Structure formats: C-alpha cells, structure tokens
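# Geometric and topological summary
The primary structure of each chain is shown beneath.
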Amino acid sequence: MNKARSRHYKDRVDRALASPQLQDALHKFGDAYAVSRANAFAAYDFEALRGGIARIKDEVRDNHQRYLDEFIRNAAAAGATVYLASDAAAANDYIVRLAQRRNAKRVVKSKSMASEETHLNKALEKNGVHALETDLGEWIIQLAGQRPSHMVMPAIHMFKEEVAELFSKETGRAEPPDIEHLVKVAREQLRQGYLAADMGISGANIAIAETGGLVLVTNEGNARLTTTLPKIHVALVGIDKIVPTLADAVDIVRVLPKNATGQAITSYVSWIRGAVPCDDTEKELHIVLLDNGRSQLAGSPSCRDALRCIRCGACANVCPVYQTVGGHVFGHIYIGAIGIILTAFFDGLDQAAELVRACIGCRACVEVCPGKIDLESIILHLREEMGDYEGIGTGKSLVFKNVLRNRKLFHSLLRTASLLQKPLTRGERTIRHLPLFFSSLTEWRTLPAVADQPLRDLWSKLPQPVQQPRYRVAFFGGCLNDFVYPELGENLVTVLNRLDVTVDYPLDQNCCGIPALYSGDRETATELAKQNITALLAGNPDYVVTTCPTCTMSLQRDFGELLGDDPAWRDKAARLAEKTLDVSRFIVEKLDGVNRLKGLADPTGVTYHDSCHLKRGAGVWREPRALLAASGREVNEMAHADRCCGFGGSYSFTSHPNIAKRILGDKVDDIKASGAPCVAMDCPGCLMQIRGGLEKQGVPVRAAHTIELLAEMLD
C-alpha cells in the first residue's frame with residue numbers, strides 16, 4: 001500500500017464531505033437528471049438502443065485495425081492530415097510542432113476531454129501558445145485553475161457566486177451572481193478569442209470510418225466557432241470514438257444527449273469532413289488519433305467492454321458516491337465508474353488504486369450505461385489486479401487466508417465474539433456504543449449483536465410439519481443470516497413450510513466469498529466457492545434459496561466466473577447457479593405465493609427499499625412488492641427506492657464509513673418522507689444499515705426483512 005497516496009486521497013474525501021453545498025448541488029442535479037432522462041427515453045426501448053451501441057462498439061473493437069485504416073484512408077482522401085499518436089506525449093508534440101510551424105500563438109479549444117487526458121494546455125503554454133477554453137464550464141474551471149469534475153458538466157461543482165467572483169476578476173468590474181448575466185459575460189469575453197485565434201482545437205464524439213468524418217454533439221455553439229473561424233482546425237480524437245458507418249453515428253447521436261443530460265436532443269450536431277474553403281484559401285484539418293492505452297484496454301479480456309463507452313457521464317450522474325464527494329475525489333481525468341477504469345489504463349494502475357476502492361458496488365452505473373458495460377465487474381477485476389500488485393493489506397490477508405477459508409475456525413471465532421460482546425450489549429440485541437478506536441462506527445448507527453446461538457445450532461430443533469412436500473430446498477444463509485439474524489432463517493422455514501416446502505440447512509456451507517472477492521483476494525473467493533458448491537449440492541435439492549441478494553449474485557454469477565476455467569468445477573457451478581433463487585422470487589414464481597398468501601396481513605402501511613444487488617443484480621424488485629401488497633399491506637413507495645443505503649459490506653466499516661454515513665442519511669430521509677410506519681427490504685446487510693440508522697436517529701419506523709413480515713402473518 002502507498003501510504004502517502006492513501007493519505008492524499010483521504011484528505012480529498014474529507015474536504016468534499018466538509019462541503020454540504022457540493023452535496024446539495026449534486027443531489028439536486030441527480031434528482032432532476034433521473035426525471036429528465038426518464039422523460040427523454042419514454043418513447044424508446046432503452047435496452048434495444050444500448051444493445052445496438054454495444055454491438056457497434058464491439059464490432060470496431062474486434063476489428064480494430066480494419067476500421068482504423070478505413071478511417072485514416074477516407075479522412076485523408078477528403079483532405080485531412082491524419083496523425084496516429086501512440087501516447088499523450090506524441091499527441092501533444094504533434095500539435096505543439098504544428099503550432100510552431102504555423103507561428104500560432106493563440107488557440108481556442110472546445111469539446112475535448114482527450115486534451116485534458118494529454119494535459120495539452122500545459123504543453124502549449126510551455127511552448128508559448130495560449131489556449132483559451134470556450135465551453136462555458138471549461139472556461140470557468142480554466143479561470144479557477146482547476147480540472148473538470150464531470151465529463152459533460154465540468155464545472156458542476158461550482159456555484160454561481162464563485163463564478164461571479166471569477167468573472168469579476170477577469171472583466172475588472174463587479175459581476176452579479178445571475179446565471180443569465182454570467183452567460184452573457186462569457187459570450188462577450190470569448191468572442192474576441194475566436195476572431196484572434198490562429199488555431200482551433202476540438203475533440204469529437206464520433207469518428208466515422210466509411211466517410212473519414214467527425215461528429216461533435218454540443219449545446220453552446222462554441223464548437224462550431226472553434227472549428228470554423230480559425231484557418232487551422234486540429235481534432236484530438238481517441239481511437240475508441242471510431243464507428244463503422246454514418247448510420248451507426250446516428251444511433252449514438254440518438255442516445256447520447258438523452259443519457260448525458262436528459263435532453264431529448266442536443267442543440268447542435270456538427271458533421272465535419274475534410275478540408276473546406278476558408279476565405280481565399282483552403283482550411284487545414286488535422287486529425288490526431290490518440291491511442292494512449294486504448295489498444296491495451298482492447299486486449300484485456302476482463303476490461304475491454306469499457307471501450308463501448310460513449311462518454312455520456314451517466315455513470316457519475318446516478319452514483320451515490322459521486323453525489324456525496326464529487327468528481328475531484330471520485331476520478332482522475334475521467335470521472336465516475338468509467339473514470340476508474342480509464343484511469344487504470346490511461347494513467348496506470350497506481351493512479352487508480354484508491355479509486356477502485358471508492359466504488360460501493362451498487363450497480364446503478366450498470367443500469368444506465370448506454371454501452372451495456374458491466375462496470376462493477378470490471379472494477380472488481382481491477383481490485384483483484386491491485387491485490388496482486390500491492391496486496392490487500394496484512395490484516396485482511398490474514399483473515400481471509402487463515403480464518404475465512406477455515407469454516408470451523410471462522411465459526412468458532414464468531415461464537416466467541418457473541419460471548420465477548422456481552423459487556424457492550426448488556427443483554428440487548430443491539431450495540432449502541434463501541435469503545436475506543438471503534439466508537440466512530442456507532443456514532444451514526446447502531447449495530448446488531450452477534451446472536452447467542454447461530455442458525456446452524458438452532459436448525460435441528462426447528463419443526464417442519466410438512467406431510468407431502470412439493471419441493472425440498474437447501475437454504476444458503478450467508479454469515480449475517482447465520483450468526484446475526486438467525487430469526488430470518490426461522491421465518492423462512494415458517495413461510496416455506498406453509499407453502500408445502502421443506503428446507504435443509506447444509507452445515508458445511510461457509511461465507512459466500514464476497515468480502516474476499518471485493519477486496520481483491522480471488523484465491524480465497526475461489527476456495528470458498530468450491531466449499532459452498534460441495535455443501536449445497538450434496539443433498540441434490542430441487543432449489544437453493546437465499547435471503548441475501550449479494551449471496552444470490554455470488555451463487556448465480558461469481559462462482560461460475562471464478563471456476564469457469566476449471567473443468568472439474570465449471571459444470572457444478574453452473575448447476576448450482578440454475579438452482580439458486582432469491583426467496584421472494586421462489587415464492588412468487590414456483591409456489592404461486594401471491595395467491596396463496598393473499599389477504600393474511602394487517603392493512604398497515606409499508607415502504608420498500610430495493611437492495612442494489614437484488615434489483616440490479618438478481619433482477620428482483622416486483623416480487624417482494626407483489627407479496628407485500630397481495631398479503632394485505634398498503635405499499636407506499638418512497639423516493640429513490642433503489643438508491644443504495646450505503647452499507648456495501650466492509651465499505652461502511654473499514655474503507656469508507658464517512659461516505660457510507662452520508663449515503664445512509666439520504667436513505668433515512670426518504671424513508672421518513674414516505675410516511676410509512678415500516679420499511680421492508682430483502683437484504684440482511686441493508687437491514688443492518690437502515691435499522692441502525694433509524695434507531696440512532698430515533699426515527700419511529702420499523703425496519704424488517706420481507707420474509708419476516710410474511711412469517712408474522714402466519715403466526
């Protein structure tokens with residue numbers, strides 16, 4: 001671990017958390033974006049659209065050289081000079097030398113994150129060329145001496161009062177903090193820059209192989225001035241922006257503004273191809289195609305899907321961590337989930353080390369990605385690489401390798417913990433205050449105590465009076481269900497027995513391995529997958545059910561990925577995945593539970609929290625709502641029901657408890673605003689987080705697992 005790097009990262013996080021204005025601005029934007037985006041896609045099939053974009057980008061990635069050659073050939077034929085830059089230094093060198101040859105001293109720029117990536121402005125200034133940013137947001141942060149905090153809205157972190165102060169210094173007069181006025185000031189100040197510029201530098205959203213043309217999608221019109229007024233236009237474009245055809249470009253233009261800002265259509269779409277007349281001569285067009293790690297990314301089997309990105313920035317717009325700390329913490333040059341991945345390939349794994357740990361794994365980014373990129377899975381892979389590169393920390397490594405893999409030792413320690421905690425619990429099931437170094441963990445939430453008896457020790461005493469069972473299922477409890485909430489296992493038996501199902505609890509089952517996998521210890525996660533596959537398939541159950549969505553994803557997805565190259569285990573992992581279901585889905589789909597449990601509950605109100613891995617991983621969100629509503633409860637939807645609660649396993653305990661605390665605060669506010677006396681959920685981790693937050697704040701709302709509420713009505 002690089003302690004200096006970690007300390008600097010923590011300082012950035014602390015500064016961001018100390019700015020409630022920043023969080024307020026990002027939350028307001030995120031809420032408005034969700035509404036606008038939903039309206040923009042209302043008449044479209046988003047899944048079909050993003051499936052099309054994924055196919056387009058995969059085609060180029062898999063036939064990379066063919067389309068690169070086609071673009072270069074057609075662009076040159078149209079009159080452009082094309083230069084292929086292997087890295088940032090080569091791109092900057094080409095542009096600087098071109099400016100020197102043409103005696104260019106003033107440059108206007110627009111729409112180029114690639115130039116941020118190469119630090120082009122510094123290279124130009126070093127060689128006596130002044131670069132003027134003309135995108136409003138880019139100009140603001142240029143005046144402020146900062147870097148963008150968002151790919152589409154680079155100055156989203158700044159307030160109008162700060163901008164007015166910057167503009168006042170630039171104009172030499174007091175500019176009022178009125179947005180309309182400030183836009184007018186920017187327009188006046190920048191106009192002379194276009195007329196005086198010797199060169200215009202832009203990026204491009206798309207490069208079309210069959211025409212050799214470029215596409216710029218903008219809202220301010222400045223890109224057109226930048227690319228047309230100066231007699232030299234340089235386009236700095238990543239090679240990942242190439243698409244095969246004009247029709248493919250149209251498909252991307254159709255999606256980009258809707259997903260970026262929730263606009264139905266953007267204000268300007270500029271199509272540029274070749275050199276064009278300019279006064280009495282011909283305009284120069286130079287296209288600098290930038291690799292800078294993109295070919296390396298294309299060659300990574302686990303990460304190459306990231307090249308499907310169209311740079312809409314939506315992964316940041318919906319990220320609860322980004323909304324809490326902003327882009328200057330949660331990114332390097334490119335921000336959000338995609339920024340973590342691009343940073344690793346463009347700037348090196350060391351630069352991305354802290355960022356891969358900043359992801360809470362809620363999969364909100366996966367849900368909105370227009371390139372259908374499984375961003376969370378790629379980030380998890382990078383964590384594994386970081387684990388191999390610089391280790392996961394001595395403490396974690398010892399626990400995972402020496403304790404977690406040894407089920408008997410692991411469970412013995414948990415039993416010991418239930419005894420040692422007695423002075424803290426004072427006979428209650430809740431820990432309200434932890435001492436010494438751990439006190440901060442209970443300042444903002446209570447924690448559940450380890451149960452006196454784990455579920456595995458109670459299991460043989462649970463009666464299961466089912467005369468003619470319809471199914472025999474195995475229950476995978478996971479650590480929290482087993483050792484913290486054993487009553488959920490008893491509730492599950494009550495409900496499933498009522499629906500003519502008998503339940504087995506294989507005692508050799510162990511932790512699902514997620515803590516190790518998410519920390520970068522793939523070896524331990526693989527060993528645990530083998531242990532659990534053996535335990536759960538031993539009795540040949542009809543199904544394997546779970547009450548924890550993270551465990552569900554582990555059994556359904558991760559075991560197969562971990563053992564996919566092992567012929568001795570691959571088929572077993574696939575068989576277990578086919579048998580595994582979240583218990584709500586099992587009750588609805590296999591047992592006709594909506595009809596069989598109808599009208600048994602009291603008509604009290606309940607709101608529902610969607611656990612991240614249940615909705616966006618296992619695809620379950622309708623089922624628990626259907627069961628609660630059919631049983632007789634009045635379901636009152638809360639705002640942002642599927643926004644993360646901030647638990648994230650070790651995220652809320654060791655890596656980022658301060659961020660987890662802020663995210664939990666948002667969730668508690670939404671629960672209170674719903675007016676419901678009870679909040680249901682289907683994840684023991686969420687239950688720990690949300691119940692703890694409600695208790696600590698003294699909010700009189702009950703937090704319960706859905707299976708707990710169903711069992712109550714059968715008592």
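Residues numbered from 1 in each chain as written. Predicted model: local features only at pLDDT ≥ 70, side-chain atom pairs only at ≥ 80, totals over all residues. Heavy atoms only, no water.

What the protein contains, in helices and strands, is 36 helices and 22 strands. A globule of 715 residues ought to have a C-alpha radius of gyration of about 27 Å, and the protein, at 28 Å, matches this closely. For the protein, the C-alpha atoms occupy an extent of roughly 95 × 60 × 50 Å along the three principal directions. Per-residue burial over the protein gives 59% buried out of 715 residues. A sequence separation of at least 24 residues applies to 78% of the contacts in the protein between residues at least 6 apart. Carbon and sulfur atoms provide 51% of the accessible area of the protein, an area that totals close to 28,900 Å². Across the protein, the centroid of the 85 positively charged side chains sits 1 Å from that of the 86 negatively charged ones. (Helix = DSSP H or I, 4+ residues; strand = E, 2+ residues; numbered from the N terminus. Rg over C-alpha atoms; globule rule 2.2 N^0.38 Å. Buried < 20%, exposed > 50% of the residue type's maximum accessible area, 1.4 Å probe, protein only. Contact = heavy atoms within 4.5 Å. Areas by Shrake-Rupley, 256 points an atom, 1.4 Å probe, with all protein chains shown as cover. Lys, Arg positive; Asp, Glu negative; His and termini not counted. Charge placed at Lys NZ, Arg CZ, Asp CG, Glu CD.)

Core analysis: the biggest nonpolar cluster contains 136 residues, and Leu375, Leu496, Phe586 and Ile587 have the highest contact counts within it. Looking at this core, the element that brings in the most residues is helix α16 (residues 336-346), giving eight residues. Beyond its immediate sequence surroundings of up to four residues, Phe586 is in contact with Tyr471, Val473, Leu496, Val501, Tyr543, Val545, Leu581 and Leu591. (Core = buried A, V, L, I, M, F, W, Y, C linked by side-chain atoms within 4.5 Å.)

A few words on the packing of helix α2 (residues 20-40) against helix α12 (residues 246-261). Between α2 and α12, whose axes approach to 7 Å, the crossing angle comes to 155 degrees. With respect to α12, the axis of α2 lies roughly antiparallel. Along the contact surface, α2 presents Tyr33, Ser36, Arg37 and Ala40, while α12 presents Lys258, Asn259, Ala260 and Thr261. Partitioned by chemical class, the residues of the contact of α2 with α12 number three nonpolar, three polar and two charged. (Axes fitted to C-alpha atoms, helices over the stretch in contact; angles between N-to-C directions. Parallel < 35°, antiparallel > 145°, perpendicular 65-115°, else oblique. Nonpolar A, V, L, I, M, F, W, Y, C, P; charged D, E, K, R; others polar.)

Bringing the pattern of salt bridges into the picture now. With the rule as written, the count across this model stands at 50 salt bridges. Measuring nitrogen to oxygen at the nearest pair gives 2.6 Å for the salt bridge that ties Arg5 to Asp350. Taken together, the positions of Arg5 in helix α1 (residues 3-17) and Asp350 in the loop between α16 and α17 (353-358) put the pair 345 residues apart, joining distant regions of the chain. Residue Asp350 is classed as partly exposed on the basis of its relative accessible area, which comes to 29%. Because the salt bridges share partners, they merge into one network encompassing Asp58, Arg61, Asp62, Arg304, Asp305 and Arg308. (Salt bridge = Lys/Arg side-chain N within 4 Å of Asp/Glu carboxyl O.)

A word on empty space enclosed by the protein. Considering all chains together, one arrives at six cavities of 30 Å³ or more under this definition. The volume enclosed by the largest cavity comes to roughly 120 Å³. Every residue along the wall of the largest cavity is listed here: Lys57, Val60, Arg61, His64, Ile239, Asp240, Ile242, Arg294, Ser295, Ala298 and Leu307. The residue makeup of the lining of the largest cavity, split by class, is five nonpolar, two polar and four charged. (1 Å grid on protein atoms, 1.4 Å probe; cavity = no way out; pocket = protein on both sides within 12 Å on 5 of 7 lines; lining within 4 Å. Points joined across faces, edges and corners; volume = space filled by probe spheres on them.)

Attention now moves to the packing of aromatic side chains. Inspection of every chain in the model, using the stated rule, returns eleven aromatic pairs. With a centroid separation of 5.3 Å and an interplanar angle of 35 degrees, the aromatic rings of Trp459 and Tyr505 are classed as tilted. With Trp459 in the loop between α23 (455-458) and β15 (471-476) and Tyr505 in the loop between β16 (501-504) and α26 (514-519), this residue pair connects regions lying 46 residues apart in the sequence. For Tyr505, a relative accessible area of 2% translates into the label buried. Three or more aromatic residues link up through ring pairs in this structure, and these residues are Trp459, Phe475 and Tyr505. (Phe/Tyr/Trp six-rings, centres within 6.5 Å; stacked < 30°, edge-to-face > 60°.)

Per the stated rule, a full pass over the model turns up zero disulfides. Free cysteine Cys309: the closest other cysteine sulfur is in Cys312, separated by 6.4 Å. On the basis of relative accessibility, which here comes to 8%, the residue Cys309 falls in the buried class. (Disulfide = S-S within 2.5 Å.)

This part takes up unusual backbone geometry. Even without being a glycine, Asn103 presents a positive backbone phi close to 55 degrees. By relative accessible area, Asn103 is classed as exposed at 55%. Of note, the phi angle at His640 is positive, near 55 degrees, even though the residue is not glycine. Topologically, His640 is positioned in the loop between β20 (634-635) and α34 (657-674).

In this section: the sheet that holds strand β12 (residues 284-290). Spatial ordering of the open sheet is given by β1-β12-β7-β4-β2-β3, a layout of six strands whose pairing is parallel. Each edge of the open sheet carries a strand with a single partner, namely β1 (81-85) and β3 (130-133). In this sheet, neighbouring strand axes are inclined to one another by 20 degrees on average, regardless of whether the strands run parallel or antiparallel. Two elements, β1 and β12, share five bridges in a ladder whose sense is parallel. (Pairing = 2+ DSSP bridges.)

Where burial is concerned, most of strand β2 (residues 106-110) is hidden: four out of the five residues are buried. In the sheet, β2 pairs with β3 via four bridges, with the strands oriented parallel. Note on β3: the bridge partner recorded for Lys109 is Glu133. Relative to strand β4 (residues 199-202), β2 is paired through four bridges, and the arrangement is parallel. In the sheet register, Val107 faces β4, and the bridge partner there is Met199.

Empty space within the second largest pocket amounts to approximately 1,200 Å³. Along its surface, the second largest pocket is lined by 44 residues, and Gly137, Val152, Met153, Pro154 and Glu220 are the ones closest to its centre. Those elements giving two or more residues to the lining of the second largest pocket turn out to be α6 (113-118), α8 (136-144), α9 (160-171), α10 (179-196), β6 (213-218), β7 (232-238) and α12. Tallied by class, residues from the lining of the second largest pocket come to 25 nonpolar, eleven polar and eight charged.

Looking now at the sheet that holds β6. With mixed pairing, the four strands of this open sheet are ordered in space as β8-β5-β6-β9. A single partner strand is all that each edge strand has here, and the edge strands are β8 (242-243) and β9 (268-272). Relative to β9, β6 runs antiparallel, the two being bridged by five bridges. Bridge pairing in β9 links Val217 to Val269. Of the strands in this sheet, β5 (206-208), β6, β8 and β9 are in contact with α12, which crosses β5 at around 165 degrees.

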